[in-house]
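Breakdown of the fold
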Amino acid sequence: MGTKEVEPLDVTTIREDFPVLEREVGGEPLVYLDNAATSQTPERVIEAISHYYRHYNANVHRGIHQLSQEASIAYEEAHDRVAEFVGADGREEIVFTKNTTEAMNLVAYAWGLNELGPGDEVVLTEMEHHSSLVTWQQVGKRTGADVKYVPITEEGYLDVEAARDLITDDTEMVSAVHSSNTLGTVNPIGELADIAHDHGAYLFADAAQSVPNRPVDVKELDVDFAAFSGHKMCGPTGSGVLYGKEHVLEGMEPYLYGGDMIVKVTFEESEWNELPWKFEAGTPSIAQGIALAEACDYLDEIGMKRIQRHEEMLAEYAYDRLTEFDDIEVYGPPGDDRGGLVAFNLEDVHAHDVASIVNDYGVAIRAGDHCTQPLHDVLGVGASVRASFYLYNTREEVDKLVEAVDAARQLFA
Ligand code: 7TS
């Protein structure tokens, strides 16, 4: 089923779930369009955090007492819930981290630094977020492995033919953003996974902008790793996830050492705990993990396909309205073929100035390089403004954005 056939969201009701949407900014109703940076939090997720601290706050995996048992069960079951959300086999494949960045670094340290060496290659794309780009760049420097970049086309798509040439039998890892946080391009991750596997390489999907916004099934895509952040999917900050195929995680050394990641320790030796705890050393973000599972329930009850459709509709509408202005350039693929965001520039006006004027209208957007500096180099600009949508945004809010951007145009004309 395509997304066109799904039932539209009841946004008026959905908005009631998010207390922050009632606030004003400078006397104007808040129009929150910075969802790719972090999403807002529904009442029931806030309540899940509050309930934990009010009723069963205790450390996990180390107490016989009632509270610790309750916290441990809820924390462990949260892994099962997240596994289900992305189609993983079970909690063994789901490591909780503090964000996408930590999940990537986990693999870079635990696998990259141990397995890579001169002659090996890591293939990234030109649209990587710094969290993967800088991480693999540094692994390359420390191990002698080469890092290569799949270019983008004029229209802002990934050049898949170039990827076929760049990925060779020397490639050990292909790390690719699933949905670009700057271009809105949705990359053919399943196809890239097939190409990587044909050459015996792993595929790491940066799913920070896909898992929150569309149905993602890691088994269907056949990725070896995927990373995403809870705070971009109605969950709390401090919650993130590394998905890894069980046999791949099984073969990796731990990244952090300490409590909880061991089963037996002597003065000479230590034996690692089972998955996923082997990769979760020390006291984890317990409340955040439990609340992330609540966010998964919330999103699934609304329906990820419907959320995807809603965001696509808003992105297309914003794209169409913004491209009506001759002096606005919108980056990335056409309006009807992108994830739920639009990054653009107003001719001769700095992105920060645009965002500042727009803020006076109560509209929150991001200005800067969005942690994709090399991609901005490819685009030939230092910065851009970006509006990114989520399930609670409306067409009227896009109109408000356009009105505010138009005001900035006229001010700087
Ligand atoms: N990958 C992508 C594609 C992202 O968009 C982000 C965050 C990350 C990785 C890192 O996520 P984190 O939770 O570890 O920070 N992107 C953005 C953004 O576009 N604006 O602020 C953060």
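Since the structure is predicted, the reported quantities are computational estimates derived from the model, not experimental observations.

Quick look at the site of the ligand
Close to the ligand lie 17 residues; Thr101, Asp206, Ser229, Arg366 and Arg386 are nearest. In this structure, histidine 129 approaches the ligand through a side-chain N or O atom, which is 3.4 Å from a nitrogen atom. When the ligand is considered free in solution it has 490 Å² of accessible area, and contact with the protein chains removes 91% of it. For the shell around the ligand, a count of residues per class yields 4 nonpolar, 9 polar and 4 charged.

What about the sheet that holds strand S13 (residues 328-330)?
Across the sheet, which stays open at both edges, the 4 strands sit in the order S13-S14-S17-S16 with antiparallel pairing between neighbours. Unpaired on one side and paired on the other, S13 and strand S16 (366-368) mark the two borders of the sheet. Between one strand axis and the next, the sheet turns by 30° as a mean value, whatever way the strands run. Strand direction decides the pairing type here: S13 and strand S14 (residues 341-346), joined by 3 bridges, are antiparallel. Counterpart to glutamate 329 in the pairing with S14 is asparagine 345.

Examining the packing of helix H10 (residues 286-302) against helix H11 (residues 304-322)
With their axes 5 Å apart at the nearest point, H10 and H11 run at an angle of 75° to one another. Considered as vectors, H10 and H11 are oriented roughly perpendicular to each other. Where H10 abuts H11, its residues Leu299, Asp300 and Ile302 lie against Met304, Arg306 and Ile307.

Overview of unusual backbone geometry
With an omega of -5°, the peptide bond running from leucine 275 to proline 276 counts as cis. Looking at the element boundaries, proline 276 is found in the loop between strand S12 (270-272) and H10. Of note, the phi angle at aspartate 260 is positive, near 75°, even though the residue is not glycine. Within the secondary structure layout, aspartate 260 lies in the loop between helix H9 (246-250) and strand S11 (262-265). Backbone geometry places histidine 370, a non-glycine residue, at a positive phi of 55°. Looking at where histidine 370 falls in the secondary structure, it is placed in the loop between S16 and helix H13 (373-379).

Regarding the packing of aromatic side chains
According to the stated counting rule, one finds 13 aromatic pairs in the structure shown. Both rings, one in tyrosine 109 and one in tyrosine 255, keep their centres 5.4 Å apart while their planes meet at 45°; by these two values the pair is tilted. Taken together, the positions of tyrosine 109 in helix H4 (residues 100-115) and tyrosine 255 in the loop between H9 and S11 put the pair 146 residues apart, joining distant regions of the chain. Judged by its relative accessible area of 38%, tyrosine 109 falls in the partly exposed class. Aromatic rings pair up to connect Trp111, Trp136, Tyr202, Phe204 and Phe225 into one cluster. Geometry around tyrosine 317 places arginine 395 over its ring, the cationic atom sitting 4.0 Å from the centre.

Focus: a negative patch on the surface
Together, Glu154, Glu155, Asp320, Glu324, Asp336 and Asp337 make up a negatively charged patch on the protein surface. By the element assignment, glutamate 324 lies in the loop between H11 and S13. What makes glutamate 324 exposed here is its relative accessible area of 57%.

Regarding the side chain of aspartate 120
Mapping aspartate 120 onto the fold places it in the loop between H4 and strand S5 (121-125). Despite its burial, aspartate 120 pairs with no opposite charge; the closest candidate is lysine 148, at 11 Å N-O. In this view, aspartate 120 contacts Glu115, Ala145, Asp146, Asp170 and Glu172; residues no more than four positions away in its chain are not counted.

Here's the deal with the domain arrangement of the protein
Each assigned domain of the protein is listed with its residue range as follows: domain 1 (3-32 + 303-411) and domain 2 (46-301). Relative placement of domain 1 and domain 2: their C-alpha centres are 28 Å apart. With 33 residues of domain 1 at the contact, the number on the domain 2 side is 31 residues. The largest share of the area that domain 1 buries against domain 2 comes from Met304, Leu375 and Tyr390, three residues that together contribute 24% of it. At the boundary of domain 1 and domain 2, one finds 1 salt bridge. Ionic pairing is found between glutamate 312 and arginine 214, a salt bridge with its closest N-O pair at 3.7 Å. Inspection of the region where domain 1 meets domain 2 yields 13 residue pairs in polar contact (both at pLDDT 80 or more). Of all the secondary-structure elements, those providing two or more residues to the side of domain 1 that touches domain 2 are H11, S14 and H13. Broken down by class, the residue content of the side of domain 1 that touches domain 2 amounts to 17 nonpolar, 8 polar and 8 charged.

Topic: the environment of glycine 362
If you trace the backbone, glycine 362 turns up in the loop between helix H12 (351-360) and strand S15 (363-364). Separated by 337 residues in sequence, glycine 362 and valine 25 place their C-alpha atoms 5.0 Å apart. Contact partners of glycine 362, with chain neighbours within four places excluded, come to Val25, Glu28, Pro29, Leu30 and Val31.

Let's talk about helix H3 (residues 66-86)
Between the first and last C-alpha of H3 there are 31 Å, a value that for 21 residues agrees with the 30 Å anticipated at 1.5 Å per step. Immediately beyond the C-terminal end of H3, within one or two residues, lies glycine 87, with a positive phi of roughly 80°.

Section: the nonpolar core
Taken as a class, soluble globular proteins show a tendency for nonpolar side chains to be buried jointly. Of all hydrophobic cores here, the largest spans 76 residues; its most connected members are Ile94, Leu203, Met233, Leu299 and Leu391. With 11 residues, the single largest contributor to this core is H10. No fewer than three residues from each of domain 1 (3-32 + 303-411) and domain 2 (46-301) sit in this core. With near-sequence residues (within four places) excluded, leucine 299 lies in contact with Phe85, Met233, Cys234, Met304, Ile307, Tyr390 and Leu391.

Here is what the cut-offs are and how they apply
- Residues numbered from 1 in each chain as written.
- Predicted model: local features only at pLDDT ≥ 70, side-chain atom pairs only at ≥ 80, totals over all residues.
- Heavy atoms only, no water.
- Near = heavy atom within 4 Å.
- Polar contact = N/O pair within 3.5 Å; in protein donor to acceptor, adjacent residues only side chain to side chain.
- Areas by Shrake-Rupley, 256 points an atom, 1.4 Å probe, with all protein chains shown as cover.
- Nonpolar A, V, L, I, M, F, W, Y, C, P; charged D, E, K, R; others polar.
- Pairing = 2+ DSSP bridges.
- Helix = DSSP H or I, 4+ residues; strand = E, 2+ residues; numbered from the N terminus.
- Axes fitted to C-alpha atoms, helices over the stretch in contact; angles between N-to-C directions.
- Parallel < 35°, antiparallel > 145°, perpendicular 65-115°, else oblique.
- Contact = heavy atoms within 4.5 Å.
- Phe/Tyr/Trp six-rings, centres within 6.5 Å; stacked < 30°, edge-to-face > 60°.
- Buried < 20%, exposed > 50% of the residue type's maximum accessible area, 1.4 Å probe, protein only.
- Lys NZ or Arg CZ within 6 Å of the ring centre and 35° of its normal.
- Patch = residues over 30% accessible without salt bridge, like charges linked within 9 Å, V, L, I, M, F, W, Y side chains within 5 Å.
- Salt bridge = Lys/Arg side-chain N within 4 Å of Asp/Glu carboxyl O.
- Lys, Arg positive; Asp, Glu negative; His and termini not counted.
- Charge placed at Lys NZ, Arg CZ, Asp CG, Glu CD.
- Domains from an automatic or database assignment.
- Buried area = accessible area lost by both parts, 1.4 Å probe.
- Expected span 1.5 Å × (residues − 1).
- Core = buried A, V, L, I, M, F, W, Y, C linked by side-chain atoms within 4.5 Å.

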